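Next come the chains, spelled out residue by residue.
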Amino acid sequence: MAAATAVKQARNGISANIFVVSSTDANVPSGKVYKVLNRKDKSFIINKNGQRVLLDEAALQWEARDEVALLVKVTSSVLPSIEPGQVYRVYDDAKNDERYILDNDNEKVLFDRNIFKWEVI
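Residues numbered from 1 in each chain as written. Predicted model: local features only at pLDDT ≥ 70, side-chain atom pairs only at ≥ 80, totals over all residues. Heavy atoms only, no water.

**Student:** Requested: an account of the overall build of the protein chain, with residues and values cited.
**Tutor:** Along its length, the protein chain carries zero helices and eleven strands. Traced from its N-terminal end to its C-terminal end, the protein chain shows the element sequence β-β-β-β-β-β-β-β-β-β-β. Considering only contacts within the protein chain whose residues lie at least 6 apart along the sequence, 40% involve residues at least 24 apart. Summed over all atoms, the accessible surface of the protein chain reaches about 7,700 Å², with 47% contributed by carbon and sulfur. (Helix = DSSP H or I, 4+ residues; strand = E, 2+ residues; numbered from the N terminus. Contact = heavy atoms within 4.5 Å. Areas by Shrake-Rupley, 256 points an atom, 1.4 Å probe, with all protein chains shown as cover.)

**Student:** Please give an account of a nonpolar patch on the surface that cites residues and values.
**Tutor:** A cluster of nonpolar side chains, namely Leu-71, Val-87 and Ile-121, defines an oily patch on the protein surface of about 270 Å² accessible area. Note that Ile-121 resides in the segment after strand 11 (116-120). A relative accessible area of 60% means that Ile-121 is categorised as exposed. (Patch = residues over 30% accessible without salt bridge, like charges linked within 9 Å, V, L, I, M, F, W, Y side chains within 5 Å. Salt bridge = Lys/Arg side-chain N within 4 Å of Asp/Glu carboxyl O. Buried < 20%, exposed > 50% of the residue type's maximum accessible area, 1.4 Å probe, protein only.)

**Student:** Before we move on, could you go through the pairing of strand 8 (residues 87-93) and cite the residues and values that matter?
**Tutor:** One ladder, built from six bridges, connects strand 7 (residues 67-77) with strand 8; its direction is antiparallel. Note that in strand 8 the partner of Leu-70 across the bridge is Val-90. Connecting the antiparallel pair strand 8 and strand 9 (residues 98-102) is a turn made up of four residues, with Asp-97 showing a positive phi of about 55°. (Pairing = 2+ DSSP bridges.)

**Student:** Describe the pattern of salt bridges, and please don't skip the residues or the numbers.
**Tutor:** One pass over the structure, following the stated rule, counts three salt bridges. For Glu-63, the salt bridge identified is with Arg-65, shortest N-O distance 3.3 Å. Across the pair Asp-92 and Arg-99 runs a salt bridge whose closest N-O atoms are separated by 3.9 Å. Given a relative accessible area of 24%, Asp-92 falls into the partly exposed group.

**Student:** Tell me about the sheet that holds strand 4 (residues 42-46), and please be specific about residues and values.
**Tutor:** With antiparallel pairing, three strands are arranged side by side in an open sheet as 3-4-5. Strands with a single pairing partner mark the edges of an open sheet, and in this sheet they are strand 3 (37-39) and strand 5 (52-54). On average, adjacent strands in this sheet sit at an angle of 45° to one another, irrespective of strand direction. Bridge count for strand 3 against strand 4 is three bridges, and the pairing is antiparallel. Counted as the bridge partner of Arg-39 is Lys-42 from strand 4. (Axes fitted to C-alpha atoms, helices over the stretch in contact; angles between N-to-C directions.)

Here's what the structure looks like:
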């Protein structure tokens, strides 16, 4: 099953989802996850104005992200880095056969009801 749900890779080796660490483009805020679009031999993301932006290492620094499986709203948590009432993306790590979220400290936290409770959005 892991082979069938492996993280999608673009033709040029860029992951299908990226997290923008820093950006010199005012219309591409850092700290957000973007889906990568491939057109011919170039990769793009869509900025906050709905325009395509070429993935350029001079203007953007990013990290690869796993596929987003769903969005959840946390109702309670035993960790202080996961705030109740906040919305989090649940990532599907097919390679390790697990799901996780990124907490407020940008650390991976296993998607488990023993750690936090949620409702699906």
